[in-house]
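# Understanding the architecture of this molecule
Listed here are the chains, written in short residue letters.
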Amino acid sequence: MARLSLLPRDRTFFDLFIEEGQNTVRAARLLDQMMNKWPDESGLARDILKAEQEGDRITHDIVQRLNSTFVTPIDREDIYGLATQMDDIVDYTEEAADFLGLYKIEAPMEQAQELTRVLVASCEQLAEGLEHLPGFKDLDRYWIEIHRLENEGDRISRDAVASLFSNGIDPMVVIRWKDMFAVLERAIDATETAAHILEGIVIKNA
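Starting afresh in each chain, residues are numbered from 1 along the sequence in its written order. Totals for whole chains, interfaces and linings use all residues, but because this is a predicted model, local features are given only for residues with pLDDT of at least 70 and pairs of side-chain atoms are given and counted only at 80 or more. With hydrogens and water excluded, all non-hydrogen atoms of the structure serve as input to the side-chain values.

### Some remarks on the confidence of the model for the protein
pLDDT measures how confident the predictor is about each residue, on a scale from 0 to 100. Predicted confidence across the protein gives a mean pLDDT of 91, with 95% of residues reaching 70 or more. Secondary structure elements are defined from DSSP: runs of H or I of at least 4 residues count as helices, runs of E of at least 2 residues count as strands, and each element is numbered from the N terminus. The least confident element of the protein is helix α1 (residues 2-37), whose mean pLDDT is 82; the most confident is helix α4 (residues 110-131), at 97. The model gives residues 1-9 a pLDDT under 50, and that stretch makes six contacts with residues more than four places away or in other chains. Note on definitions: a residue-residue contact is assigned when non-hydrogen atoms from the two residues lie within 4.5 Å.

Here's what the structure looks like:
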């Protein structure tokens, strides 16, 4: 009987992770639109900020529930680690959107647009994996694809930074774009870290 009373709480953690996954996709897609239409779509920054605030709320809900739940469906450290990594993805996404305005970017570089596309794809894979998390099965394709995307992001980022130093670009412009590429890469890296945690959860619960 005690086990039955725990089931609703168990399910809530999974539901919150699904919600958090969908929120990362929303934020990444908004950044992708912003990066492709900047400066015409500068208003999208407000929507990305709302997604960041929503991510904070979901993470707070997860941590609060974690602190008040005696028995959890998966290891407590994995719940906390996954929640904070998901939150980081949206934080970095919002930071990238903020840089566009803060650094007065006139037109985004093509490599930045490529990186946002990689970020969207990574977030979509992660969100889909989280939807299948309760079954603890057949999730390997998600973290394999996220790893491939992270490698692609690394390659794009390296090529982008190399191009900054080979084209005689103004040093201030170089600094701004190095910051932009770094924060986009951190967002993509956070999806891979979340995928590693996901893999660990599945292995423990197989």
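### Focus on the pattern of salt bridges
Definition used for salt bridges: Asp or Glu carboxyl oxygen within 4 Å of a side-chain nitrogen of Lys or Arg. Evaluation of the coordinates by the stated rule reveals nine salt bridges. Residue Lys204 is joined to Asp78 by a salt bridge in which the shortest nitrogen-to-oxygen separation is 2.8 Å. One end of the pair, Lys204, is in helix α6 (residues 171-205); the other, Asp78, is in helix α3 (residues 76-102), and 126 residues separate them in sequence. The class for Asp78 is buried, based on a relative accessible area of 11%. Relative accessibility thresholds used throughout: buried, under 20% of the residue-type maximum; exposed, over 50%; partly exposed, between the two (1.4 Å probe, protein chains only).

### Remarks on the packing of α3 against α6
Helix axes are fitted to C-alpha atoms over the stretch in contact, other axes to C-alpha atoms as well, and angles between N-to-C directions run from 0 to 180 degrees. Where α3 contacts α6, the axes come no closer than 9 Å and their chain directions differ by 165°. Here α3 is positioned roughly antiparallel relative to α6, judged by the angle of their axes. As α3 packs across α6, the resulting crossing turns out to be left-handed. Comment on the angle field: the value is read as roughly parallel under 35 degrees, roughly antiparallel over 145, roughly perpendicular from 65 to 115, and oblique elsewhere. Handedness of a helix crossing follows the sense of rotation of the near helix relative to the far helix, less than a right angle counterclockwise being left-handed and clockwise being right-handed.

### Thoughts on the side chain of Thr116
The residue Thr116 is located in helix α4 in this model. Thr116 sits in the buried class, given a relative accessible area of 0%. Those residues in contact with Thr116, other than ones at most four positions away along the chain, are Leu31, Asp32, Met35 and Leu184.

### Looking at unusual backbone geometry
Geometrically, the link from Trp38 to Pro39 is a cis peptide bond, its omega value of 5° lying close to zero. A positive phi angle, near 55°, is found at Phe136, a position not held by glycine. Summarising the element assignment, Phe136 is placed in the loop between α4 and α5 (140-166). When its relative accessible area of 17% is taken as the criterion, Phe136 is described as buried. A positive phi angle, near 60°, is found at Asp138, a position not held by glycine. Along the chain, Asp138 turns up in the loop between α4 and α5. Look at Asp138 and you get exposed, because its relative accessible area is 59%.

### A look at the nonpolar core
Judged by nonpolar contacts, the single largest core of 63 residues is most densely connected at Leu82 and Met180. Elements that contribute at least two residues to this core include exactly α1, α2 (44-68), α3, α4, α5 and α6. In terms of residue count, the dominant contributor to this core is α6 (15 residues). Leave out the neighbours within four places in its chain, and Met180 touches Met35, Ala96, Phe99 and Leu100. The set of buried Ala, Val, Leu, Ile, Met, Phe, Trp, Tyr and Cys residues whose side-chain atoms join them within 4.5 Å is what this entry labels a nonpolar core.

### Side note on α5
Here the expected span of a helix is defined as 1.5 Å times the quantity of residues minus one. With 27 residues, α5 should reach 39 Å at 1.5 Å per residue; the first-to-last C-alpha distance of 40 Å fits that figure. Looking at α5, one finds that the buried residues are Tyr142, Trp143, Ile146, Leu149, Glu150, Gly153, Asp154, Ile156, Ser157, Ala160, Ser163 and Leu164. The inward-facing, buried residues of α5 abut α4 and α6. With its phi angle positive at about 60°, Gly168 sits one or two positions after the end of α5.

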